[in-house]
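One-letter residues, chain by chain:
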Amino acid sequence: RKEVEQDPGPFNVPEGATVAFNCTYSNSASQSFFWYRQDCRKEPKLLMSVYSSGNEDGRFTAQLNRASQYISLLIRDSKLSDSATYLCVVLITGGGNKLTFGTGTQLKVEL
Amino acid sequence: ETGVTQSPTHLIKTRGQQVTLRCSSQSGHNTVSWYQQALGQGPQFIFQYYREEENGRGNFPPRFSGLQFPNYSSELNVNALELDDSALYLCASSYGGGTGNTIYFGEGSWLTVV
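What you see is a predicted model; the values in this text were computed from it and never measured.

Student: Explain the overall build of chain A here, please?
Tutor: A count of helices and strands for chain A gives 0 helices and 11 strands. Classification of the 111 residues of chain A by burial places 45% in the buried group. For chain A, the proportion of contacts with a sequence separation of at least 24, taken over those separated by at least 6, is 56%. When the accessible surface of chain A is summed, it comes to about 5,200 Å², and 48% of that surface belongs to carbon and sulfur atoms. Computing the positive centroid from 12 side-chain charges and the negative centroid from 11, chain A places the two 5 Å apart.

Student: Explanation requested: the sheet that holds strand β3 (residues 19-24) of chain B in the structure shown.
Tutor: Remark on secondary structure: sheet strands pair via backbone hydrogen bonds, oriented parallel or antiparallel. Residues and elements named next belong to chain B. The strand order across the open sheet formed by 4 strands is β1-β3-β8-β7, and the pairing between neighbours is antiparallel. The two strands at the open ends of the sheet, each matched to only one other strand, are β1 (5-7) and β7 (64-68). Put simply, the sheet's adjacent strands are angled 15° from each other on average, direction ignored. With 5 bridges joining them, β3 and strand β8 (residues 74-78) adopt antiparallel strand pairing. Residue pairing across strands places T20 opposite N77, the latter belonging to β8.

Student: Honestly, the environment of P43(B) in this entry has me stumped. Any pointers?
Tutor: Mapped onto the elements of the fold, P43(B) is located in the loop between β4 (31-37) and β5 (44-50). Residues P43(B) and L90(B) lie 47 residues apart in sequence; the distance between their C-alpha atoms is 7.9 Å. Excluding residues that lie within four positions of it along the chain, P43(B) makes contacts with P44(A), L87(A), F101(A), Y35(B), Q36(B), Q37(B) and L90(B).

Student: When you look at the layout of surface pockets in this model, what are you seeing that I'm missing?
Tutor: Picture a little ball the size of a water molecule; that probe, rolled over the atoms, points out where space is still empty. Put simply, the largest pocket is a space of about 630 Å³. R41(A), Q37(B), L39(B), G40(B) and W110(B) are the residues nearest the centre of the largest pocket, which is lined by 29 residues in total. Taken together, the elements giving at least two residues each to the lining of the largest pocket come down to β9 (84-92) and β11 (105-110) of chain A together with β2 (10-13), β9 (87-94) and β11 (109-113) of chain B. Volume-wise, the second largest pocket comes out at about 400 Å³. Looking at the lining of the second largest pocket, the elements with two or more residues in it are β10 (98-101) of chain A together with β5 of chain B. It is β10(A) that contributes the most residues to the lining of the second largest pocket, 4 residues altogether. Looking at side-chain class alone, the lining of the second largest pocket contains 8 nonpolar, 9 polar and 3 charged residues.

Student: Where do I start with the pairing of β8(B) in this structure?
Tutor: Successive residues of a regular strand alternate their side chains across the two faces of the sheet. All names here are of chain B. Of all 5 residues in β8, 5 are buried; the element is thus mostly enclosed. Residues of β8 alternate between two faces, with S74, L76 and V78 on one and E75 and N77 on the opposite face, all of them buried. With 5 bridges joining them, β7 and β8 adopt antiparallel strand pairing. Across the sheet, residue F64 finds its bridge partner in β8, namely V78. Taking the residues that link successive antiparallel strands as the turn, the β7-β8 hairpin has 5 residues, and the phi of Y72 there is positive, at about 75°.

Student: Help me understand the pattern of salt bridges in this model?
Tutor: Pairing between side chains of opposite charge can happen when their charged atoms approach one another. Per the counting criterion, the structure on display carries 9 salt bridges over all chains. Note that R76(A) is salt-bridged to E56(A), the shortest N-O span being 3.7 Å. Here E56(A) lies in strand β6 (residues 55-57) and R76(A) lies in the loop between β8 (70-75) and β9, a separation of 20 residues in the sequence. Residue R76(A) is classed as partly exposed on the basis of its relative accessible area, which comes to 27%. Its salt-bridge partner being E82(B), residue R63(B) comes within 3.3 Å of it at the nearest N-O pair. On the criterion of sequence distance, the pair formed by R63(B) in the loop between β6 (53-57) and β7 and E82(B) in the loop between β8 and β9 is long-range, its members being 19 residues apart. Given the relative accessible area of 17%, R63(B) is considered buried. Residue classification places E82(B) among the partly exposed residues on the basis of a relative accessible area of 41%. Where salt bridges share partners, they join R63(B), E82(B) and D85(B) into one cluster.

Rules used in this analysis
- Residues numbered from 1 in each chain as written.
- Chains lettered and ligands numbered in written order.
- Predicted model: local features only at pLDDT ≥ 70, side-chain atom pairs only at ≥ 80, totals over all residues.
- Heavy atoms only, no water.
- Helix = DSSP H or I, 4+ residues; strand = E, 2+ residues; numbered from the N terminus.
- Buried < 20%, exposed > 50% of the residue type's maximum accessible area, 1.4 Å probe, protein only.
- Contact = heavy atoms within 4.5 Å.
- Areas by Shrake-Rupley, 256 points an atom, 1.4 Å probe, with all protein chains shown as cover.
- Lys, Arg positive; Asp, Glu negative; His and termini not counted.
- Charge placed at Lys NZ, Arg CZ, Asp CG, Glu CD.
- Pairing = 2+ DSSP bridges.
- Axes fitted to C-alpha atoms, helices over the stretch in contact; angles between N-to-C directions.
- 1 Å grid on protein atoms, 1.4 Å probe; cavity = no way out; pocket = protein on both sides within 12 Å on 5 of 7 lines; lining within 4 Å.
- Points joined across faces, edges and corners; volume = space filled by probe spheres on them.
- Nonpolar A, V, L, I, M, F, W, Y, C, P; charged D, E, K, R; others polar.
- Salt bridge = Lys/Arg side-chain N within 4 Å of Asp/Glu carboxyl O.

Written out as structure tokens, the structure is:
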């Protein structure tokens, strides 16, 4: 079983749609949680951190449920520029601060 | 820009050869981590160097080795290249191991093994 599991997609949505991505993680020692965005053939870039209280950054809302080991990302009013792969990431400390990535969910926003 | 630079950006090697990839960390950062990202997969942790010592290793064979220099730049060496080593190799720098929002990635080195 992978440590971080995501639906690979692709999710094809029209511009303006709301789309939700989910992710589960298996290591209860995971300490911090993030969503990264990766454009084609580029490096991953931090989109936002994820907290149990939920957090919002403009059109993006992230939520963590520690009891269920579940992380979500909601994108409202999708733009063409949101097309990318979204990586669910957990940080485990001890033996190095190791980021563990999911396989990523591909989003394609269409006209 | 993250201030993390990697070289070379692209290279092609033959199976069985050896390769060295280089990373210059962001100024003030003393920790470098290396990740391998195969096509269609998320990045996988190879190892981390903190103050010139290996500080954690993922599930990679010993033919993957590394170094960190006094200026905190780093090298990733892969011996006896296999076709499955074809991937994007990412370097990430941070201070003291970092947290997810203080870890900065370079643009990566694309390795193709033929």
